[in-house]
Amino acid sequence: MIVVMGPQHTPADRAAVVREIEVAGLRVHISEGVERTVIGVVGDSHTKELLHESLEAMPGVERVVRILQPYKLVNREFHAGQDSTVRVRDVAIGGGRVVVIAGPCSVESPQQVASTARAVQAAGARLLRGGAFKPRTSPYSFQGLEEWGLQILAEAREDTGLPVVAEAMDARQLELVVKYADMVQIGARNMQNYTLLRDAGRAGHPVLLKRGPSATIEELLLAAEYIMSEGNPNVVLCERGIRTFEPSTRFTLDLAAVPVLKGLSHLPVVVDPCHSSGKWKLVAPMARAAVAAGADGLLVEVHPEPDQALSDGPQQLTPQHFTALMAEVSAVALAIGRRV
Ligand code: PEP
Ligand code: MN
């Protein structure tokens, strides 16, 4: 349920509404829009129903609206219909600019990360990514450099100033990622690990939440709701391809998810054209399309020597190809009134 306060309401009107809600044992989330203030109400449905009429009669209240979707805090209506912005250090995701997150699939060595970080920064990337804990299909594949990998990423941040994104798959890894990185990635395979989602909510760092390969859009939004319900509003959604019957790409990039998500939620949406396609030649065309579809950012894997990579070699770009991609997506962004 949301309580929309009219343009003329006073601070006292608002305080009275908040008190009425809290006394009933419900929680409030206030969003200041350009024209109106929205007070989101979460908690027991029956209590909300009982409160509906009395809230509607209070001074300053324009209307009270039931939110029918099961996700509330991520709901666009809860945010006065406006896009939210997630800050990762000095980088804002979800503003007018398209933010490109780039770096290797796996952290492999200090040299590999340092050279990649400098190259992607020179090409215009604003955040550095790298996996220190890798969710591999086979237990015999390279599993990541763990804490050393995170230290390597932190050194690259010292060197370039680029904030760092890294994945955590459990609570122990989460503690380490929070210690060294600036944003926590919850990977596709863990999108419905509800304990981890709650832990990430409590950890407080901004979260990059990737859509599960078989998850619906509603399930993705409910996963984000888990994080937000623990008091962490800084969630960025990532479309990274879903499992379909089509074998010519690794997954099928669901580009319609971008406008659909942005219509349903206020959260920023980024697109990963690498894990979805699985082939580096498809990365630039899908990155261009993602920006044209309204994505707030891109997640791109870059490796100095993709054919030597310890994971995801076929889908990683060389720094040269990444530089070319950046020029192309910049042109697309300009065409729709945005910039990279
Ligand atoms: C990744 O981004 O490193 C990754 C493993 O992606 P996903 O969880 O989308 O497969
Ligand atoms: Mn990868």
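Scroll up for the structure.
Criteria and cut-off values
Residues numbered from 1 in each chain as written. Chains lettered and ligands numbered in written order. Predicted model: local features only at pLDDT ≥ 70, side-chain atom pairs only at ≥ 80, totals over all residues. Heavy atoms only, no water. Helix = DSSP H or I, 4+ residues; strand = E, 2+ residues; numbered from the N terminus. Buried < 20%, exposed > 50% of the residue type's maximum accessible area, 1.4 Å probe, protein only. Areas by Shrake-Rupley, 256 points an atom, 1.4 Å probe, with all protein chains shown as cover. Lys, Arg positive; Asp, Glu negative; His and termini not counted. Charge placed at Lys NZ, Arg CZ, Asp CG, Glu CD. Pairing = 2+ DSSP bridges.

Peer 1: So what exactly am I meant to see when it comes to the overall build of the chain here?
Peer 2: Secondary structure summary: the chain contains eleven helices and 14 strands in total. For the chain, the spread of C-alpha atoms along the principal axes amounts to about 65 × 45 × 45 Å. A total of 340 residues make up the chain; the buried ones form 56% of that total. Accessible surface computed for the chain: about 14100 Å², of which carbon and sulfur atoms make up 53%. Separation between the mean location of the 34 positive side-chain charges and that of the 38 negative ones in the chain comes to 3 Å.

Peer 1: For this particular structure, what's the right way to read the pairing of strand β1 (residues 2-5)?
Peer 2: Looking down a regular strand, the side chains alternate between one sheet face and the other. On β1, burial covers both faces: I2 and V4 on one face and V3 and M5 on the other are all buried. As paired elements, β1 and strand β4 (residues 61-65) share four bridges and run antiparallel to each other. Paired with I2 across the strands is V65, a residue of β4. Two strands pair when backbone bridges link them, and β1 and strand β3 (residues 37-42) are joined in this way by four bridges, in the antiparallel orientation. Of the residues in β3, the one forming a bridge with V4 is V38.

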